[in-house]
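The lines below spell out each chain.
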Amino acid sequence: MDMHITDIKNPEINHENDPENMSLHERPSISIRAKVAISFSLFFILSFTVTGWSYWILTKLETKIDFLEIADNYMAEIQQARRFEKNYLLYSTDLEEALEHLKTADAILKQKNEQIEKILEKEHFKTMVTYMSKYHNQLVLLRSAKNDKEKELIVPMLRQFGSQMVSFAGEFVEKEQISAKRMFLLAKRVPLYFMSVLFVLMSFVLMFLARQLLLTLNRFMEYTKRIGEGDFSPILPARKYKDEFTKLAEAFNHMIKELDHKHNVLLESHKLRAIGTLVAGVAHELNNPLNNTLLTASMLTEDFHTLSEEEKMEMVNDVINETERAQRVVKNLLDFAREGETAIAPLEIGKIVEDSTRLVVNQVKFAKVNLELNCETNLPRIHGDEQKLKQVFVNLILNAVDVLTPGGQIRIHVQKDQTPGYVLVTVKDNGPGIPEHIQGRIFDPFFTTKAQSKGTGLGLSVSQGIIKKLGGYIHLTSNPDKGTIFTVSLPTTESASEIMSK
Amino acid sequence: MSKPLEVLLLDDEPIVGRRLKPALVKIGCRVEVFENPREAVARIGQKEFDIVVTDIRMEEMDGLQVFKHVQEKWPRTKVIMITGYAKIDLAREAMGKGVFDFIAKPFRPDDLRQIIANAAEALGAPIDFSSMGDELVEA
């Protein structure tokens, strides 16, 4: 009791070292917590990458915009210079203005040289500077030209370099504008892409985690169902790794072990009750040989001197025979009652059923019902525990006896099952049958139709537990007024090993 | 000694009849032994016995049914029941119906002799069972 209290108080219940949990424990551990943590870190890394990229592209855009601004200014200056150059040639205005603008353009280039160089690359920057300086040189030449003739020589060169300078810069500005636009578009789209990728990824992770959780939960639901039906075999690993559910499985296995233990106690208490019933019959059966012995021995003493040798011998033999008869009666009950460990062995089902009928022979006699046993010969042996199987059949026969009125019939058939590898025992009575609405509950523990003093409601529940443990099944078919048939199917030794290993 | 007591003994265990017959003959009874209740009932139909000793639990027919036959045919006859094991309620029921007495297995021949002596006295034909016993011991 103390053990249980500490168990409840201590949240870190540890069943890892229970032998039935060894297989559960011997697996690599991937906890649900780790899975969640991994998914969250993945999301974080993804978000971080996208944010970093966004930051980078926006910075790049910023420099591009800066460059475009500078380029715009530069373009304005050189275009202005060319306008003044034209005015000079057409209207002979002052050329100083053109030179002034060119100077400003040059200043821009020099001032922002780093930024421009970054975008244009050194080569192109050099070309640009060269074009401008060539144009500048021509302008200076033009200014210093003495006459129209000289001017006319310079003008074509001037125009060539001027247009080259402007178009080169213009091309670049245009290119940069296109690239900036593209970058904008990308910067606009990437968050959308990111969102969709994130959505897909999240749904996938969610589905994966949910599926794993749900599948495992379903598995545990199956386990509870199985345990409820009396199958107390421990939970075996279903996955290649262990996680928080493994702890649950370990706790389950512990519970199964406890339940199995309790079930065995129940089994024992039910057996005791069956023994109690049988003892009444056995006492009667025992009284006959005892009476015969007592009468014979009494008469032997009384007439010792008058009896012939032959008569004396006959009487002594009677005493021996009757004592042996009593011994057989007691032995049969003792075989049934003996407390023992479950011993699975290959058994002859026919003999077990026959022994069972012999155990209840008095109950059958008292109730004045007929019991008929029909056993196929050459049946394959079955795997089972002799005592427990007898307990099942004794219980089924006693149940039938209980519902029958004098003159009733119990027919027991032992035969091969239609399913290969199984033998079938049917216990059929022609009693009142079991009403349909309680047929579903008939195997439930503590369910009984008998008076409280007569039945514990354990018989069929315990019987089902015994048969299921041996890999067989027990079920009933019952029609009101036509009686009840209980069918027990048990695996033969050939098929039992396969079933047990499942 | 007056006319002997007519006794029918019915038990499906053959040894019971085999041992009790000489035991009862010694106290002056004339004993007919049966193992089959039907044969016994048939015999009862033919002859009036003073005392019928029958086992209760038998296949085919039980002691109470035999008792009913006896009571219908010969109301004067005393019926003694042998039971496998004493069941108070069954005994009370049968006694209420008019069964003379009960004897539970296992019993000694003297136990039955005593009851038969009681029955003989009730019939008005007492037998000196105790002197018979002494005589036997002396012999």
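What you see is a predicted model; the values in this text were computed from it and never measured. (Residues numbered from 1 in each chain as written. Chains lettered and ligands numbered in written order. Predicted model: local features only at pLDDT ≥ 70, side-chain atom pairs only at ≥ 80, totals over all residues. Heavy atoms only, no water.)

### Structural notes on the overall build of chain A
In step 1: Helix and strand counts for chain A come out as 14 helices and seven strands.
In step 2: At 52 Å, chain A has a C-alpha radius of gyration far larger than the 23 Å of a compact globule built from 502 residues.
In step 3: Each principal axis of the C-alpha distribution contributes one length, and for chain A these read about 185 × 50 × 40 Å.
In step 4: Buried residues in chain A amount to 42% of all 502 residues.
In step 5: Sequence-distant contacts in chain A: of pairs separated by 6 or more residues, those separated by 24 or more amount to 75%.
In step 6: Just so you have it, chain A exposes about 29,500 Å², and 59% of that area is on carbon and sulfur atoms. (Helix = DSSP H or I, 4+ residues; strand = E, 2+ residues; numbered from the N terminus. Rg over C-alpha atoms; globule rule 2.2 N^0.38 Å. Buried < 20%, exposed > 50% of the residue type's maximum accessible area, 1.4 Å probe, protein only. Contact = heavy atoms within 4.5 Å. Areas by Shrake-Rupley, 256 points an atom, 1.4 Å probe, with all protein chains shown as cover.)

### Considering a nonpolar patch on the surface
Residues and elements named next belong to chain A.
In step 1: A cluster of nonpolar side chains, contributed by Phe44, Ile45 and Phe48, occupies part of the molecular surface with about 380 Å² of accessible area.
In step 2: Examined against the element boundaries, Phe44 turns out to sit in helix α3 (residues 32-91).
In step 3: The exposure class of Phe44 is exposed, given its relative accessible area of 57%. (Patch = residues over 30% accessible without salt bridge, like charges linked within 9 Å, V, L, I, M, F, W, Y side chains within 5 Å. Salt bridge = Lys/Arg side-chain N within 4 Å of Asp/Glu carboxyl O.)

### Re the sheet that holds strand β3 (residues 51-55) of chain B
Residue and element names in this part refer to chain B.
In step 1: Pairing is parallel in the open sheet, where five strands are placed in the order β2-β1-β3-β4-β5. Strands with a single pairing partner mark the edges of an open sheet, and in this sheet they are β2 (29-34) and β5 (101-104). Averaged over all adjacent pairs, the angle separating strand axes in this sheet is 20 degrees, with direction ignored.
In step 2: Two elements, strand β1 (residues 5-10) and β2, share six bridges in a ladder whose sense is parallel. Residue pairing for β2: Leu10 is matched across the bridge by Phe34.
In step 3: In this fold helix α1 (residues 14-26) packs onto β1 and β2, with an angle of close to 170 degrees to the strand it touches most, β2.
In step 4: Contacting β1, β2 and β3, helix α2 (residues 37-46) crosses the sheet at an angle of about 155 degrees to β1. (Pairing = 2+ DSSP bridges. Axes fitted to C-alpha atoms, helices over the stretch in contact; angles between N-to-C directions.)

### Notes on the domain arrangement of chain A
In step 1: Annotation of chain A at the domain level lists domain 1 (32-207) and domain 2 (343-502).
In step 2: In this structure, domain 1 of chain A and domain 2 of chain A have C-alpha centres spaced 97 Å apart. (Domains from an automatic or database assignment.)

### Comments concerning the sheet that holds strand β7 (residues 483-491) of chain A
All names here are of chain A.
In step 1: Across the sheet, five strands lie side by side as β2-β4-β5-β7-β6; this open sheet has mixed pairing. Two strands close off the open sheet at either side, each with one partner strand: β2 (370-375) and β6 (473-479). Looking at each pair of strands side by side, their axes are set apart by 15 degrees on average, direction ignored.
In step 2: Relative to strand β5 (residues 422-429), strand β4 (residues 409-416) is paired through seven bridges, and the arrangement is antiparallel.

### Section: the pairing of β3(B)
Residues and elements named next belong to chain B.
In step 1: The buried fraction of β3 amounts to five of the five residues, a majority that puts the element mostly inside the structure.
In step 2: Residues Ile51, Val53 and Asp55 point to one face of β3 and Val52 and Thr54 to the other, with burial holding for every one of them.
In step 3: Pairing between β3 and strand β4 (residues 78-83): five bridges, direction parallel. Paired with Asp55 across the two strands is Ile82, which belongs to β4.
In step 4: Once the chain exits β3 it traverses helix α3 (residues 63-73) before rejoining the sheet at β4, and the crossover so formed is right-handed. (Right-handed = clockwise from strand over helix to strand, strands pointing away.)

### Comments concerning empty space enclosed by the protein
Residues and elements named next belong to chain A.
In step 1: Tallying each qualifying case throughout the model produces three cavities of 30 Å³ or more.
In step 2: Quantified by volume, the largest cavity comes out at close to 80 Å³.
In step 3: Lining the largest cavity we find 13 residues, and of these Leu24, Arg27, Arg219, Arg239 and Ala249 sit closest to its centre.
In step 4: Across the lining of the largest cavity, the residue classes tally to nine nonpolar, one polar and three charged.
In step 5: Taken as a whole, the second largest cavity encloses approximately 70 Å³ of empty space.
In step 6: Those elements that provide at least two residues to the lining of the second largest cavity are α3, α5 (113-144) and α6 (148-228).
In step 7: Of the residues forming the lining of the second largest cavity, the biggest block, four residues, is contributed by α3.
In step 8: Among the residues forming the lining of the second largest cavity, the class breakdown is eleven nonpolar, no polar and no charged. (1 Å grid on protein atoms, 1.4 Å probe; cavity = no way out; pocket = protein on both sides within 12 Å on 5 of 7 lines; lining within 4 Å. Points joined across faces, edges and corners; volume = space filled by probe spheres on them. Nonpolar A, V, L, I, M, F, W, Y, C, P; charged D, E, K, R; others polar.)

### Remarks on the nonpolar core
Residue and element names in this part refer to chain A.
In step 1: The biggest cluster of nonpolar side chains holds 51 residues, and the ones touching the most others in it are Ile349, Leu389, Phe393, Leu396, Ile410 and Leu490.
In step 2: If you tally residues by element for this core, the top one is helix α11 (residues 386-403), at nine residues.
In step 3: Among residues more than four places away in sequence, those in contact with Leu389 are Leu347, Ile352, Ile382, Gly384, Ile467, Leu470 and Leu490. (Core = buried A, V, L, I, M, F, W, Y, C linked by side-chain atoms within 4.5 Å.)

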